[in-house]
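# An overview of the molecular structure
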Amino acid sequence: MSLNGSRGAADGPAVPMSPQELAESAVRAVAAGAGEVLVHPRTPCGRESLSPRVVGPVLEVLRGAGVGVPLSVPASIGAEPDPAERRARVGAWTVLPDRAVVHFAEPGAAALALALLERGVAVDAVVPLAGPAGPEPLERLRSWLTRLPSAGAEHVRVAADFTGAGHEGRAGPLAGLWGSAPGGVLVFGRDGASWPALRLAARCGAAARTGVGDVLHLPDGRSARSNAELVAAARQLLPREA
């Protein structure tokens, strides 16, 4: 479940902002059936950050509130543009998430993912199924996985981003990912691609993701009032994951 994503206060009251709001939203979403929580840590001024002084306290607030499911954070350009600095930030974390999201369309993804695995953090390797990068991110991921020991590769899950792909309702693009995913496949889409992607995941037996970080509307078009409401709607489509 994507707790906040790149959303802000202007996106509406469903988006949790403060650490306390993040914790309360996560607790309710887990109670509604969310099996994981992805949170974008931010500075007090709202900027995404990989600093241990930002990441650690957010994780501690969520865990202190009783969020017992795996916690993920994104390690991307949005938080730190420089690839070397991203690795340095990850190396300085004093409180570790269970998983981290690495975008293989971004430079330095393989080295960053390896640094995370070496710290004991599992990786969601995002590959976009549309956009200017074309098939290169998936090929880069496949090449990197072949060089990893099997014990490490098992902690890498392929996260298929269907946003803008135009084929969210067809299983064909997803079928080609299974052989590249020793740690499984997670399917998600943003905004208009979100619910079609979840329906596809339900048909294919893949894990899936929802939350206000991905979509602000329910399947019937109504505005979602909370992450918990989105998770409950997703559970109707995908009983095991949300």
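Since this is a predicted model, take the numbers as computed values, not measurements.

### Observations concerning the overall build of the chain
Looking only at helices and strands, the chain has nine helices and seven strands in total. Against the 2.2 N^0.38 benchmark of 18 Å for 242 residues, the chain shows a C-alpha radius of gyration of 17 Å, consistent with a compact globule. If one aligns the C-alpha atoms of the chain with their principal axes, the spans along those axes are about 45 × 40 × 30 Å. A burial count over the chain gives 51% of its 242 residues as buried. Long-range pairs, those at least 24 residues apart, make up 66% of the contacts in the chain with a sequence separation of at least 6. Looking at the chain as shown, the accessible area adds up to about 10200 Å², and 53% of this sits on carbon and sulfur atoms. Charge separation in the chain, taken as the distance between the mean sites of 24 positive and 23 negative side-chain charges, equals 2 Å.

### Details of the nonpolar core
Ranked by internal contacts, the top residues of the largest apolar core, which has 67 residues, are Leu62, Phe104, Leu116, Leu141, Trp144 and Val156. Ignoring anything within four residues of it in the chain, the contact list for Phe104 reads Ala109, Ala110, Ala113, Ala125, Val126, Val127, Pro137, Arg140, Leu141 and Trp144. Core analysis: the next-biggest nonpolar cluster, separate from the first, contains seven residues, Val101, Ala159, Phe188 and Ala207 among them.

### What about the packing of aromatic side chains?
Counting across every chain of the model gives one aromatic pair. Residues Phe104 and Trp144 carry aromatic rings whose centres are separated by 5.6 Å and whose planes lie at 40 degrees to one another, so their mutual orientation is tilted. Placement of Phe104 in the loop between β3 (99-103) and α4 (109-118) and of Trp144 in helix α5 (residues 136-146) is noted, with a sequence separation of 40 residues between them. We note that Phe104, like Trp144, is buried. Over the aromatic face of Phe188 sits the side chain of Arg209, whose NZ or CZ is 3.9 Å from the ring centroid.

### Some details on the environment of Pro13
Its place among the elements puts Pro13 in the segment before α1 (19-32). With 213 residues separating them in the primary sequence, Pro13 and Ser226 have C-alpha atoms 8.1 Å apart.

### A short note on unusual backbone geometry
In this structure, Asp191 takes a positive phi of about 55 degrees despite not being glycine. Asp191 gets classed as partly exposed once you look at its relative accessible area, which sits at 42%.

### Some details on the sheet that holds β3
Read from one edge of the open sheet, seven strands run β1-β2-β3-β4-β5-β6-β7, paired in parallel fashion. Two strands bound the open sheet, and with one partner strand each, they are β1 (37-38) and β7 (207-208). When strand β5 (residues 156-161) meets strand β6 (residues 185-188), the two strands line up parallel, connected through four bridges. Within β6, the position partnered with Ala160 by the bridge is Val187. The sheet strands contacting α5 are β4 (122-128) and β5, and the helix crosses β4 at an angle near 145 degrees.

Criteria and thresholds
- Residues numbered from 1 in each chain as written.
- Predicted model: local features only at pLDDT ≥ 70, side-chain atom pairs only at ≥ 80, totals over all residues.
- Heavy atoms only, no water.
- Helix = DSSP H or I, 4+ residues; strand = E, 2+ residues; numbered from the N terminus.
- Rg over C-alpha atoms; globule rule 2.2 N^0.38 Å.
- Buried < 20%, exposed > 50% of the residue type's maximum accessible area, 1.4 Å probe, protein only.
- Contact = heavy atoms within 4.5 Å.
- Areas by Shrake-Rupley, 256 points an atom, 1.4 Å probe, with all protein chains shown as cover.
- Lys, Arg positive; Asp, Glu negative; His and termini not counted.
- Charge placed at Lys NZ, Arg CZ, Asp CG, Glu CD.
- Core = buried A, V, L, I, M, F, W, Y, C linked by side-chain atoms within 4.5 Å.
- Phe/Tyr/Trp six-rings, centres within 6.5 Å; stacked < 30°, edge-to-face > 60°.
- Lys NZ or Arg CZ within 6 Å of the ring centre and 35° of its normal.
- Pairing = 2+ DSSP bridges.
- Axes fitted to C-alpha atoms, helices over the stretch in contact; angles between N-to-C directions.

Remember that the coordinates give geometry; whether it matters functionally is a separate question.
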